[in-house]
Amino acid sequence: MNVPEDRPQAAEEPELAELLSTHRDAFRERHAGAGELRQFFSPGRVNLMGAHLDYNGGPVMPTAIDRGTFLAIRPRGDSRIRFSSDLEAGTGEFSLDELPNARTENWFDYALGVVQELDQVARERGAHRALSGFELHFGGNLPVGAGLSSSASMCVGTALALDDIWELECPMETLVDVALQAERGFVGVQCGIMDPFAVGFSRPETLLWIDCKDASCFHLPFDARELVIAVADTGVRRELAQGEFNDRVRQCHEAFAILREHAPNAECLRDVPLEVLERHGGALSDVQRLRARHVLLEVRRTFEAREALEAGDAETFGRAMTEAHHSLRDLYEVSCPELDHLVDTAVAVPGVLGSRLTGAGFGGCAVILARRGVEEELAARLRESYRQDFGREAGVEFFRGSPGPRQTF
Ligand code: GLA
């Protein structure tokens, strides 16, 4: 892996400081007792280009946002661990000596997965002393399940908090990998590398370019004085989205297994030339052909969008985002009427450069790239037309970038 290594430092914003103080109080209400309390913040992310490419070895262009997960943690003198949350019902209590070896179907499975992965890392690093138990209380200002990567935010944040109390001093690269393995292994989502990388390595006023084939990444300049990133939330949350997501992963892997016979040097679907799909697509099922077509066109679009960004051509970049949405709607079939409505409404507002669904799809949020100055009109138009067509509010937010996961107190 080749990743930017510096640990972020940030001047805290007053609004965030207040939310963190409330979160500290919430911890104390849940967990009686004395002892030093530490707090951490871990951001969410939006992805601007490269939809459903990470698990196909393609390039992606996400960035972290100034909303995320709050974590308050207190080490214990024994091996008990306790999870609680402002956002989810139910608490989890376990012993580090007897952790469950299969997921428990609870919200804290993500955190449990991280405990197991980091415990393994601690052993590999030769930590002979027993790791201390802890109480860990979650909260945050990121909508859960909205495609803003609340799960990777929680996993990377948990890894950072545990790294601190267990004094492991792991580099961010290791914590990001722990978060990824927790989600893939213990929780069982076949996700790509994009989300934990975006959470761990993004910096303000940049987009993170990740080449998911070799996990190399670097920062691309993003002109935050000229451009603004907005997110419009459909409010739709699909229970079955995880299964649908895993289906897309499988369909792409099946398509690659067939196409690679005609592209001997290809290591993943991203490597297959479009001409090979055009010539040999008949060997695929209709569904496999549609998925592969999205992937190969999106790879091309993402490289073109990067060139446009580097040349200061935000218009072309924005157009690529909207084309990506149409491909996600028609070829990848992960959109829904609510998302299509928000994208169509946004791009009709003067000053909006492009829009597409962000995250896995099946509901959640549309990300919008616009010129500064249109915020008020954009929010008003989205809210009004969504209310007219769907009879409820669409959440509209404007984000700043984030310096990444960090200790806040
Ligand atoms: C989800 C996954 C990511 C990525 C996106 C789609 O957010 O967790 O790994 O595949 O969907 O781009």
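Calculation rules
- Residues numbered from 1 in each chain as written.
- Predicted model: local features only at pLDDT ≥ 70, side-chain atom pairs only at ≥ 80, totals over all residues.
- Heavy atoms only, no water.
- Buried < 20%, exposed > 50% of the residue type's maximum accessible area, 1.4 Å probe, protein only.
- Helix = DSSP H or I, 4+ residues; strand = E, 2+ residues; numbered from the N terminus.
- Pairing = 2+ DSSP bridges.
- Axes fitted to C-alpha atoms, helices over the stretch in contact; angles between N-to-C directions.
- Near = heavy atom within 4 Å.
- Polar contact = N/O pair within 3.5 Å; in protein donor to acceptor, adjacent residues only side chain to side chain.
- Areas by Shrake-Rupley, 256 points an atom, 1.4 Å probe, with all protein chains shown as cover.
- Nonpolar A, V, L, I, M, F, W, Y, C, P; charged D, E, K, R; others polar.

**A word on the pairing of strand 9 (residues 227–233)**
Of all seven residues making up strand 9, seven are buried, and the element is well covered by its neighbours. Burial along strand 9 is two-sided: Leu227, Ile229, Val231 and Asp233 facing one way and Val228, Ala230 and Ala232 facing the other are all buried. Two strands pair when backbone bridges link them, and strand 9 and strand 11 (residues 365–371) are joined in this way by seven bridges, in the antiparallel orientation. Across the sheet, residue valine 231 finds its bridge partner in strand 11, namely valine 367. Across five bridges, strand 9 lies against strand 12 (residues 395–399) in antiparallel orientation. The residue bridging aspartate 233 from the neighbouring strand is glycine 395, located in strand 12.

**Here we look at the sheet that holds strand 11**
The strand order across the open sheet formed by four strands is 10-11-9-12, and the pairing between neighbours is antiparallel. Of all strands in the sheet, those bounded by a partner on one side alone are strand 10 (352–357) and strand 12. Each neighbouring strand pair of the sheet contributes to a mean axis angle of 20°, computed without reference to strand direction. As defined by bridge partners, strand 10 adjoins strand 11 across five bridges and the pair is classed as antiparallel. Following the sheet pairing, glycine 354 is matched in strand 11 by leucine 369.

**A look at the site of the ligand**
Residues in close proximity to the ligand include Arg45, Ala51, His52, Asp54, Tyr55, Cys191, Gly192, Met194, Asp195, Phe245, Gly359 and Ala360, which together make up its full environment. Arginine 45 places a polar side-chain atom, nitrogen or oxygen, 3.1 Å from an oxygen atom of the ligand. At 3.1 Å from an oxygen atom of the ligand is found a main-chain nitrogen or oxygen belonging to glycine 192. For the ligand, the protein covers 92% of the area, taking 310 Å² as the surface of the free molecule. Across the shell around the ligand, the residue classes tally to six nonpolar, three polar and three charged.

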